[in-house]
Amino acid sequence: MYYTFAMHKIFLSFTLVFLSLLSFGQRPSTDKKLESKIKQLVQGFRGDVGIYVHHLKKNKEVNIQADSIFPTASIVKIPILVGIFDKIEKGELQLDQQLVYRSNQKYGGSGLMQFFNDSTEVDLKTLIGLMLSYSDNVTSIWNQKLAGGGGAINKLMTDLRLVNTLVNSKTEGRKLDWERYGWGQTTPKEMAELVTLIREGKVVSAKSSDQMYRLLGNMFYDGRGLSQIPATVKTASKTGSLDDVRNEVILVNAPKGDYVFSIFTKNNADKSWGKTNEAEVLTRKLSKLLWDYYQ
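Definitions and cut-offs
Residues numbered from 1 in each chain as written. Predicted model: local features only at pLDDT ≥ 70, side-chain atom pairs only at ≥ 80, totals over all residues. Heavy atoms only, no water. Pairing = 2+ DSSP bridges. Helix = DSSP H or I, 4+ residues; strand = E, 2+ residues; numbered from the N terminus. Buried < 20%, exposed > 50% of the residue type's maximum accessible area, 1.4 Å probe, protein only. Patch = residues over 30% accessible without salt bridge, like charges linked within 9 Å, V, L, I, M, F, W, Y side chains within 5 Å. Areas by Shrake-Rupley, 256 points an atom, 1.4 Å probe, with all protein chains shown as cover. Salt bridge = Lys/Arg side-chain N within 4 Å of Asp/Glu carboxyl O. Lys, Arg positive; Asp, Glu negative; His and termini not counted. Charge placed at Lys NZ, Arg CZ, Asp CG, Glu CD. Axes fitted to C-alpha atoms, helices over the stretch in contact; angles between N-to-C directions. Left-handed = near helix turned anticlockwise from the far one by under 90°. Contact = heavy atoms within 4.5 Å.

### Focus: the sheet that holds strand β9 (residues 235-242)
Line of reasoning, step 1. Strands sit in the order β1-β3-β2-β11-β10-β9 across an open sheet of six strands; the sheet is mixed. Looking at strand neighbours, the two that pair on one side only are β1 (29-30) and β9, the edges of this open sheet.

### Remarks on the pairing of strand β11 (residues 259-266)
Note on strand geometry: in a regular strand, side chains alternate between the two faces of the sheet.
Line of reasoning, step 1. β11 sits mainly inside the fold: eight of its eight residues count as buried.
Line of reasoning, step 2. Burial along β11 is two-sided: Tyr259, Phe261, Ile263 and Thr265 facing one way and Val260, Ser262, Phe264 and Lys266 facing the other are all buried.
Line of reasoning, step 3. For strand β10 (residues 245-252) and β11, the ladder comprises seven bridges, and the chain directions are antiparallel. Bridge pairing in β11 links Glu248 to Ile263.

### Let's talk about a positive patch on the surface
Line of reasoning, step 1. Taken together, the side chains of Lys57, Lys58, Lys60 and Lys256 make up a positively charged region of the molecular surface.
Line of reasoning, step 2. Locating Lys58 in the fold gives a position in the loop between β2 (48-55) and β3 (60-64).
Line of reasoning, step 3. The class of Lys58 is partly exposed, set by a relative accessible area of 48%.

### A look at the packing of helix α3 (residues 77-89) against helix α8 (residues 188-199)
Line of reasoning, step 1. It is at 11 Å that the axes of α3 and α8 come closest, and there the two elements cross at 35°. Like other packed secondary-structure pairs, α3 and α8 cross with a definite hand, here left-handed. On α8, the residues that touch Ile78, Pro79 and Val82 of α3 are Met191, Leu194, Val195 and Ile198.

### Some thoughts on the sheet that holds strand β4 (residues 70-71)
Line of reasoning, step 1. What the three strands build is an open sheet, ordered β4-β8-β7; its pairing is antiparallel. The sheet is open, and its two edges are formed by β4 and β7 (166-167), each paired on a single side.
Line of reasoning, step 2. Direction of pairing for β7 relative to strand β8 (residues 184-186): antiparallel, over a ladder of two bridges. Paired with Val167 across the two strands is Gly184, which belongs to β8.

In structure tokens, the structure reads:
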């Protein structure tokens, strides 16, 4: 059999397809230049810090202690969000279903629902919106219960191969982890991956991911990393704070390609509350560095 030009074209086509399949899902390479800049930025920070950055189009990353476990603080509300939409997808919950707030659900800390009157009617979408945008603790605890509890949410995270992302509070068998990490725990890399999976339509379903991504784009607390990104640019994000913890994860739909970054801190020496907090200043500097670097 002779090797014809037509056969050559077919062989070339198969080769290109094979190479494209090899490159699909390829592990990101390290951006050494950016890594050096970020290491300089965090030098001298008084606490433990983990940072993960991934430019999705370039498929380049920076990992600085990003596989270490940190308390989530309020960022645990993203896994809770996934749990709620899993129930919606199964037909067990509906966004417009009516619920009734009772004053015995009152819980301190951040949020607005603690100030609602007893017997106030509210729909599930409002609960989700308050949980994310205002980091409302009452609705977050409520949503965790509606999602089937921490155990059900943790299974969803395991199914997504996010094995270090776990809800501890009010979850059977996780008392010691709750005492150590609080409400939830994760790694900077896993939380960035979770938001990326939502962006790519791979969490629960494409439709549910789209709705979750929209909800993650309505943050009231925008004084940290978000403040360094133009308001005209779409983002999805969440912050988390405790006395010695400051965390943020942001996916940026930037003009030159999407990128995601997360910064988690713990054991912070500066326990102050306000914009001058050392970890919050570091977060703003990191966000500005990334925006300038990529754009």
